[in-house]
Amino acid sequence: MTQVQVLPHPDLCPQGAAFEARKGRTLLDALLDQGIAVEHACEKVCACATCHVHLRAGGDQVKPADEQEEDQLGAAWGLDAQSRLACCVRLSDAPLVVELPRHTRNHARER
C-alpha cells in the first residue's frame, strides 16, 4: 500500500486528506476513490492537462513522465518542476504528498 497525503485545497479537499492506496493504481483513481473530485476531462487517457497535480514529496520515487505526459503538461496551469498528471502517476511503495492546483485548463471550471 502507498500512503498518500493531499494538502488542503479550498474547493476540492478543504481539510486535506491522508489515505492508503494500492500500489500500481493511478494517483487519479486513488484520489477519485477518496471522493476528491479532481478533473479529468479526457477520461484518464493523458490527452489533456486537467488532472495536473504537484508531487510535493515522493515524486522522485515514481516512474518519470513519458513524452506524451510531458507534451500534455505543457498546457497545465501553474506548471512547476514537481508537476505531473495524476492519470499517469502509478503508485509505488513510496509515500506521496500531493498538492492540487487552484485552477485547471478546463475553462468551464476556471474561476
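For the structure itself, consult the block above.
Bear in mind that the values here come from a model prediction, so they are computed numbers and not experimental data. (Residues numbered from 1 in each chain as written. Predicted model: local features only at pLDDT ≥ 70, side-chain atom pairs only at ≥ 80, totals over all residues. Heavy atoms only, no water.)

> Would you explain the nonpolar core in this entry?
Residues L27 and L31 are the most contacted members of the largest nonpolar core, which totals 27 residues. Elements with a minimum of two residues in this core: β1 (2–6), β2 (17–21), α1 (27–33), β3 (52–57) and β5 (96–99). Among the elements that make up this core, the one with the highest residue count is α1 (four residues). Not counting residues up to four positions away in its chain, the partners in contact with L31 are V6, F19, I36, V38, A86 and L100. (Core = buried A, V, L, I, M, F, W, Y, C linked by side-chain atoms within 4.5 Å. Buried < 20%, exposed > 50% of the residue type's maximum accessible area, 1.4 Å probe, protein only. Helix = DSSP H or I, 4+ residues; strand = E, 2+ residues; numbered from the N terminus. Contact = heavy atoms within 4.5 Å.)

> Would you explain the pattern of salt bridges in this entry?
A side chain of one charge can pair with a side chain of the opposite charge when the charged atoms of the two come close. By the definition in use, this model includes seven salt bridges. A salt bridge links D11 to R102; the nearest nitrogen and oxygen atoms lie 2.3 Å apart. A residue pair is termed long-range when its members are at least 10 positions apart, and D11 in the loop between β1 and β2 and R102 in the segment after β5 qualify at 91 residues. By relative accessible area, which is 37% here, D11 ends up partly exposed. We note a salt bridge from K23 to D93, for which the minimum N-O separation is 3.5 Å. Of this pair, K23 sits in the loop between β2 and α1 while D93 sits in the loop between β4 (83–85) and β5; the two residues are 70 residues apart in sequence, bridging distant segments of the chain. (Salt bridge = Lys/Arg side-chain N within 4 Å of Asp/Glu carboxyl O.)

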